[in-house]
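A look at the structure
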Amino acid sequence: QVQLIESGGGLVQAGGSLRLSCAASGRTFSRYAMGWFRQAPGKERELVAAFTRSGGTTVYADSVKGRFTISRDNAKNTAYLQMNSLKPDDTGVYYCNADVPSDSSTWFRYWGQGTQVTVSS
């Protein structure tokens, strides 16, 4: 079982910045495909940013391109989401995700508990 713990959420005014962190358990963190999702009230969970399973490539939702950056520090077993120029529409619960390889053909998806981000106008 992989444990994911998010932190860094909070209340910020429009135009401000936040950095979310996701600390992961395990000794093979560099092999995890890390990502961030979010869910606003009454809406489905959506992809925000992620590293692909093959590695070396990132993907972003169109709505956050140019404003958000996903990164990772393998020495610290931590992934980050830097969020700049925040908008009220960015409000929601942000979830850290890890796709973890079990063997050559099996992956398991894990989720953190979520952290609330609220952007006021």
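My aim in this report is to walk through the structure given alongside it, one point at a time. (Residues numbered from 1 in each chain as written. Predicted model: local features only at pLDDT ≥ 70, side-chain atom pairs only at ≥ 80, totals over all residues. Heavy atoms only, no water.)

Let us now look at the state of the cysteines. Using the criterion set out here, one finds one disulfide in the structure. Between the sulfur atoms of Cys22 and its disulfide mate Cys96 the distance is 2.0 Å. Of note, the bridge from Cys22 to Cys96 carries an S-S torsion of about -80° and is left-handed in sense. Taken as a pair, Cys22 in strand S3 (residues 18–24) and Cys96 in strand S9 (residues 92–101) lie far apart in primary sequence, 74 residues in all. For the pair formed by Cys22 and Cys96, the shared burial category is buried. (Disulfide = S-S within 2.5 Å. Helix = DSSP H or I, 4+ residues; strand = E, 2+ residues; numbered from the N terminus. Buried < 20%, exposed > 50% of the residue type's maximum accessible area, 1.4 Å probe, protein only.)

As a further point, take the sheet that holds strand S7 (residues 68–73). Sheet architecture is open: four strands sit in the order S1-S3-S8-S7, paired in antiparallel fashion. The open sheet has two free edges, formed respectively by strand S1 (4–7) and S7, since each of these has just one partner strand. Ignoring strand direction, the axes of neighbouring strands in this sheet form an average angle of 15°. In this structure, S1 lies alongside S3, joined through four bridges in antiparallel fashion. Pairing of Ser7 across the sheet is with Ser21, part of S3. (Pairing = 2+ DSSP bridges. Axes fitted to C-alpha atoms, helices over the stretch in contact; angles between N-to-C directions.)

One can find Trp36 in strand S4 (residues 33–39). The buried category is assigned to Trp36, whose relative accessible area is 0%. Sequence-wise, Trp36 and Tyr60 are 24 residues apart; in three dimensions their C-alpha atoms are separated by 9.5 Å. A distance of 3.4 Å separates the side chain of Trp36 from the backbone oxygen of Tyr80, its partner in a polar contact. (Polar contact = N/O pair within 3.5 Å; in protein donor to acceptor, adjacent residues only side chain to side chain.)

To continue, consider the side chain of Arg38. Summarising the element assignment, Arg38 is placed in strand S4. Polar contacts involving the side chain of Arg38 include one to the side chain of Glu46, which spans 2.8 Å. In terms of polar contacts, Arg38 uses its side chain to reach the side chain of Ser63, at 3.4 Å. Sequence-distant contacts of Arg38, that is, excluding residues within four places in its chain, are made with Glu44, Arg45, Glu46, Val48, Ser63, Val64, Phe68, Asp89, Asp90, Val93 and Tyr94. (Contact = heavy atoms within 4.5 Å.)

The pairing of S7 with strand S8 (residues 78–83) spans six bridges and is classified as antiparallel. Looking at the pairing, Asp73 lines up with Thr78 of S8. Linking two consecutive strands that pair antiparallel, namely S7 and S8, is a turn of four residues; a positive phi of about 55° is found at Asn77 within it.

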